[in-house]
Amino acid sequence: MSNPSLLILPGDGIGPEVMAEVRRIIDWFGAKRDLVFDVSEDLVGGAAYDAHGVPLHDDTMAKAQEVDAVLLGAVGGPAYDNLDFSVKPERGLLRLRKEMDLFANLRPAQCFDALADFSSLKKDLISGLDIMIVRELTSGVYFGEPRGIHMEENMRVGINTQRYTEAEIERGARAAFELAMKRDKRLCSMEKANVMESGILWRDVVTEVHADYPEVELSHMYADNGAMQLVRAPKQFDVIYTDNLFGDILSDCAAMLTGSLGMLPSASLGLPMENGRPKAMYEPVHGSAPDITGQAKANPIACILSFAMALRYSFDQGAEADRLEAAIEKVLADGARTGDLMGPEGGTPLSTTQMGDVILAALDDSL
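We now turn to the structure provided with this report. (Residues numbered from 1 in each chain as written. Predicted model: local features only at pLDDT ≥ 70, side-chain atom pairs only at ≥ 80, totals over all residues. Heavy atoms only, no water.)

**Section: the pairing of strand 2 (residues 38-41)**
When a strand is regular, its side chains alternate between the sheet's two faces. So the rule is basically this: Note: two strands are recorded as paired if DSSP finds a minimum of 2 bridges between them. Going along the chain from the N terminus, every DSSP run of H or I of four or more residues is numbered as a helix, and every run of E of two or more is numbered as a strand.
One ladder, built from four bridges, connects strand 1 (residues 5-11) with strand 2; its direction is parallel. The residue of strand 2 that forms the bridge with S5 is D38.

**Details of the side chain of S314**
Test applied: By the convention used here, residues are in contact when the closest approach between their heavy atoms is within 4.5 Å.
Position of S314 relative to the elements: it lies in the loop between helix 10 (301-313) and helix 11 (318-333). Among all residues touching S314, those that are not within four sequence positions of it are D68, A69, R277, P278, A280, Y282 and M309.

**Considerations on the pattern of salt bridges**
Rule in force here: Salt-bridge detection follows one rule: a side-chain nitrogen of Lys or Arg within 4 Å of a carboxyl oxygen of Asp or Glu. Burial here depends on accessible area, computed with a 1.4 Å probe over protein chains only, as a share of the maximum for the residue type. Under 20% is buried, over 50% is exposed, and the range in between is partly exposed.
Scanning all chains against the criterion turns up 25 salt bridges. For the salt bridge of R277 with D68, the shortest nitrogen-to-oxygen distance reads 3.0 Å. Of this pair, R277 sits in the loop between strand 11 (265-272) and strand 12 (278-284) while D68 sits in the loop between helix 3 (58-66) and strand 3 (69-74), placing them 209 residues apart in sequence. Given a relative accessible area of 8%, D68 falls into the buried group.

**A short note on the sheet that holds strand 3**
Keep this limit in mind: Whenever a helix is involved, its axis is fitted only over the stretch in contact; in every case the axis is a line through C-alpha atoms, and angles between N-to-C directions fall within 0 to 180 degrees.
Pairing is mixed across the open sheet formed by 10 strands, whose spatial order is 2-1-3-12-11-4-5-10-8-9. Across the chains shown, the open sheet's two edge strands, defined by having one partner strand only, are strand 2 and strand 9 (217-222). Between one strand axis and the next, the sheet turns by 20° as a mean value, whatever way the strands run. Lying over the sheet, helix 3 contacts strand 1, strand 3 and strand 12, oriented at roughly 140° with respect to strand 1. Against the sheet, helix 4 (residues 89-99) makes contact with strand 1, strand 3, strand 5 (130-136) and strand 12, and its axis sits at roughly 155° relative to strand 12, the strand it touches most.

**With respect to unusual backbone geometry**
The omega angle of the peptide bond from E145 to P146 is 5°, so this bond is cis rather than trans. Phi angles above zero are rare outside glycine, and K185 is one such case at about 60°. Inspection of the secondary structure puts K185 in the loop between helix 6 (166-182) and strand 8 (186-191). The phi angle at A289 is positive, at roughly 45°, despite the residue not being glycine. Note on placement: A289 falls in the loop between strand 12 and helix 10.

**Some points on the environment of A333**
Tracing the backbone shows A333 in helix 11. With relative accessibility at 59%, the residue A333 sits in the exposed group. For the pair A333 and D113, spaced 220 residues apart in sequence, the C-alpha to C-alpha distance is 7.7 Å.

**Re the environment of G11**
With respect to the helices and strands, G11 occurs in strand 1. Taking the C-alpha atoms as reference, G11 lies 22 Å from S251; in sequence the two are 240 residues apart. Setting aside anything within four residues of it in sequence, one finds G11 in contact with P16, V44, A47 and A74.

**Side note on the environment of D12**
Stated formally: Polar contacts, as counted here, are pairs of nitrogen or oxygen atoms within 3.5 Å of one another; within protein the pair requires one atom able to donate a hydrogen and one able to accept it, and residues that are adjacent in sequence qualify only if both atoms are side-chain atoms.
By the secondary structure assignment, D12 is in the loop between strand 1 and helix 1 (15-32). Taking the C-alpha atoms as reference points, D12 and G45, separated by 33 residues in sequence, lie 6.7 Å from one another. Engagement of the side chain of D12 in a polar contact is seen with the backbone nitrogen of G76, the distance being 2.7 Å.

**A closer look at helix 6**
Short version of the rule: Each residue after the first adds 1.5 Å to the expected span of a helix. To obtain the arc, one takes the directions from the helix axis to the C-beta atoms.
Spanning 17 residues, helix 6 covers 25 Å between terminal C-alpha atoms, matching the ideal 24 Å at 1.5 Å per step. Looking only at helix 6, the buried set comprises E168, I169, G172, A173, A176, F177, L179 and A180. Mapping the buried residues of helix 6 onto a view down its axis gives an arc of 160°, with all of them on the same face. Residues of helix 6 that are exposed and angled more than 90 degrees away from the buried face: A167 and K182.

**Focus: the packing of aromatic side chains**
Where we set the bar: When the centres of two rings from Phe, Tyr and Trp lie within 6.5 Å, Trp using its six-membered ring, the rings pair. Their planes under 30 degrees apart give stacked, over 60 give edge-to-face, and anything left gives tilted. Distance and angle both matter: a charge sits over a ring if NZ of Lys or CZ of Arg is within 6 Å of the ring centre and within 35 degrees of the ring normal.
Scanning the model with the defined rule gives seven aromatic pairs in all. Cluster of aromatic residues (ring-pair linked, three or more members): W28, F29, F37, F307 and F315. The ring centre of F143 lies 4.6 Å from the NZ or CZ of K98, which sits over that ring.

**As for the pairing of strand 3**
The buried fraction of strand 3 amounts to six of the six residues, a majority that puts the element mostly inside the structure. Bridge count between strand 1 and strand 3: five bridges; the pairing is parallel. Bridge assignment links L6 to a residue of strand 3, and that residue is A69. When strand 3 meets strand 12, the two strands line up parallel, connected through two bridges. Counterpart to V70 in the pairing with strand 12 is M281.

**Considerations on the packing of helix 11 against helix 12 (residues 352-365)**
Stated precisely, the cut-off is as follows: For this classification, under 35 degrees means roughly parallel, over 145 means roughly antiparallel, 65 to 115 means roughly perpendicular, and everything else is oblique. Here a crossing is taken to be left-handed if its near helix is turned anticlockwise relative to the far helix by less than a right angle, and right-handed if that turn runs clockwise. Residue type decides the class: Asp, Glu, Lys and Arg count as charged, Ala, Val, Leu, Ile, Met, Phe, Trp, Tyr, Cys and Pro as nonpolar, and the leftover types, Gly among them, as polar.
Relative orientation of the contacting elements helix 11 and helix 12 amounts to 120°, with a least axis distance of 9 Å. Accordingly, the angle class assigned to the pair helix 11 and helix 12 is oblique. Note on packing geometry: the crossing formed by helix 11 with helix 12 is right-handed. Packed against helix 11, whose contacting residues are R323, L324, A327, I328, K330 and V331, the element helix 12 presents M355, V358, I359, A362, L363 and D365 at the interface. Residues that form the contact of helix 11 with helix 12 fall into these classes: nine nonpolar, no polar and three charged.

On their own, these measurements won't tell you what the molecule is for.
The following block contains the structure:
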């Protein structure tokens, strides 16, 4: 049997720095756990534009379609701000999501006990937080037609269209219900059915899918109220299912409840391939952080946790994902901190590589 395959796309800014630590983790699993991956690497975002004049080369897209999973670092940066919209670094990321048909974006918001004081919320509200947001990723207002900017009565008009089909809502809902079945069996669907027809359809379809998952407790909430409730009492939620635009906003809101974007991974999943594994891309929530690029200050944990999600959702290696997550929890409990996690007590933060070192040491201790 061949080894599982990974395509690594480090991207821009701190992407290559944090991905280097993921490569070390991958190598550890190969050497110490006999879990060997066939790893290839390519360009995306600004790095691809610099090399090829496009944010994602066709050959790279073809590779992404062939592998078992893609690991992506980050894209973008000030050097590319003035490019035409069609070749901005982010278009490479959107192309991957669209052409791989990665319709279910999983965004966990989990608060490690050692970092509960870093949240802007009171510790009792955030301690033990473990939310999973499922964001529909390939439709909605980001992709709907018509779109663009045109002149109308001597005035510029910007148009974006919110569009969802019943099938698009349903497949994402099933992914969310399946996750809920493996967790606390609670799902909250968020939309704006009070003012948007797409929201009415969303609520109807999710309710219909619920009939196939009677064990799951389903609730509905307007997305604006959902944002308020995430800040007021976040632990009331387990799994949240929402559309592309609201999911973008709500998942970033939930992310900051945990104290640092440098801690949060994500998975984007599609339909199963012939081998039974889903089309999949894994990436940290944070951006390319041009202000600290090349300074060895980046926190690699979100990217490493994204690999843990790959172990769990693409490779059926839940026990090894648990091992990696437990190693990270241990080093945080022991006081290991990169600069983004430094508290008022100060101290000397670990570099990106040093954080990788202590996580690898904790993995060794787990054997």
